[in-house]
Amino acid sequence: MAAGGAADKLRFSLRLLSGQNRGSECVFDNSMEIVVGRANAADLILVEGMVSRRHARFAMQSGQLCVNDLGSTNGTFVNGEKVRGEHALDEGDRVLIGTSILKVVRSRSPKGTRPPPPDPAQISDDQTSSRHRATGDLQDVSVPELLETFSSNKRDAVLEVSSPAGEGVITIAGGKVEDCVVDRLPDAPPKKALLRTLGFSKGTYAVRRYRKPTSRRLDEPVLELLVDGLFKLDELEVLRQKLPQKGKPLVLAKPLVSSLSALDEADLDTLQLAYNLGDVDEVLDKSPETDAEAAERLLALLDGGYLRRR
């Protein structure tokens, strides 16, 4: 077959980023439409309590893929905005149905390709009414993108993130973060925990039904926290390049020529952590400040002659 033949034609497709069939696709051809819902008569079945029996319709006409909400209870959202009437979709758009995320992509898979149907026993009303969980891979959608998706529509949810760097739990309600905890930082303030979680780039996530946190330690809009958090992540990346890398400890400068009286209380606390722990990552974990703030303080102590690299 010649290169560029029909088999290589790119078609619009919906790729499931969460759920049991994540990574699978629903591939469209012109004049094709599918209904997404939890009823066994739906073309694409999502077994989840927040998905209506007939939730949304996707249709391909004249090369344009569009979505319509079918009067669902919980709505259909494109990039965080609620769908009203027919909504045209572009490559890269993310569609939220219940807690399931579908991404619009271009695919070489054959037209009509669809995820395998679920076991009929899984799609009874009794089974789906209590299902409020979607899982996915952070390589498909990042923590900041997940937060933006579930906050723009002010959906209440608990986002659990599992990463080699730790496990974080973020509680979202009304477009605000109520709390965040990270297992590696049991005593950390919630904003520090949130900023750490934003940096998790490998691992998995799970979106669970909202439950009120034991302590509502934060009450700040997600988008404001994201703007500040992404800035601090960029700043941290620059600072980390100037600090000792893993396996190269920090030690107290000897002789200590610089005067301790020139340091404020937070400087002294960081200096003590560096002296006791010696490892940059451990200092960042134990400091009550955000990682970027603690890294900046460590660098100032190095530049000021209080610490040195071994």
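Before any of the text, the structure's been laid out above.
Everything in this summary refers to the structure shown in the same document. Only a predicted model underlies this, so the values are computations on that prediction, with no experimental measurement involved. (Residues numbered from 1 in each chain as written. Predicted model: local features only at pLDDT ≥ 70, side-chain atom pairs only at ≥ 80, totals over all residues. Heavy atoms only, no water.)

1. Let's talk about helix α3 (residues 190-198)
For clarity, the threshold we go by: Remark: exposure states derive from per-residue accessible area (1.4 Å probe, protein chains only) relative to the maximum for the residue type, with buried under 20%, exposed over 50%, and partly exposed in between. Runs of E in the DSSP output that reach at least two residues are strands. Runs of H or I that reach at least four are helices, and both are numbered from the N terminus.
Within α3, eight of the nine residues are buried, which leaves it mostly tucked inside the rest of the structure. Three or more residues of α3 are buried, namely P190, K192, A193, L194, L195, R196, T197 and L198.

2. Quick notes on the pairing of strand β5 (residues 56-61)
Just so we agree on the cut-off: Whether two strands pair comes down to DSSP finding at least two bridges between them.
Strand direction decides the pairing type here: strand β3 (residues 33-37) and β5, joined by four bridges, are antiparallel. By the bridge assignment for β5, I34 is matched with F58. Across six bridges, β5 lies against strand β6 (residues 64-69) in antiparallel orientation. In the strand pairing of β6, Q61 is matched with Q64. The antiparallel pairing of β5 with β6 creates a hairpin that spans two residues between the two strands, and S62 there sits at a positive phi of about 50°.

3. Notes on the nonpolar core
To keep things clear, this is the line we draw: Here the nonpolar core consists of buried residues drawn from Ala, Val, Leu, Ile, Met, Phe, Trp, Tyr and Cys, with membership extended through side-chain atoms lying within 4.5 Å. The criterion used for residue contact is that any of the two residues' heavy atoms lie within 4.5 Å.
The biggest cluster of nonpolar side chains holds 31 residues, and the ones touching the most others in it are V143, L146, L147, L159, I170 and Y205. Those elements that place two or more of their residues in this core are α2 (143-152), β13 (157-163), β14 (166-173), β15 (176-182), α3, β16 (204-209) and α4 (222-242). Excluding anything up to four places from it in sequence, L147 contacts L159, I170, I172, L194, L198, V222 and L226. By size, the runner-up hydrophobic cluster in this structure holds 23 residues, among which are F28, I34, L44 and V104.

4. With respect to the pattern of salt bridges
Close approach of charged atoms lets side chains of opposite charge pair. To be explicit about the condition: We count a salt bridge whenever a side-chain nitrogen from Lys or Arg sits within 4 Å of a carboxyl oxygen from Asp or Glu.
Scanning all chains against the criterion turns up 23 salt bridges. As a salt-bridge pair, R114 and D43 come within 3.9 Å of each other at their nearest N and O atoms. Separated by 71 residues along the polypeptide, R114 in the loop between β11 (100-107) and α1 (125-128) and D43 in the loop between β3 and β4 (44-45) bring together distant segments of the chain. The class of D43 is partly exposed, set by a relative accessible area of 34%. Two residues, D291 and K192, come together in a salt bridge whose shortest N-O distance is 3.2 Å. Residue D291 is found in helix α7 (residues 291-303), and its partner K192 is found in helix α3; the two are separated by 99 residues along the sequence. A cluster of three or more residues bridged by salt bridges with shared partners is formed by R184, K192, R196, D285 and D291.

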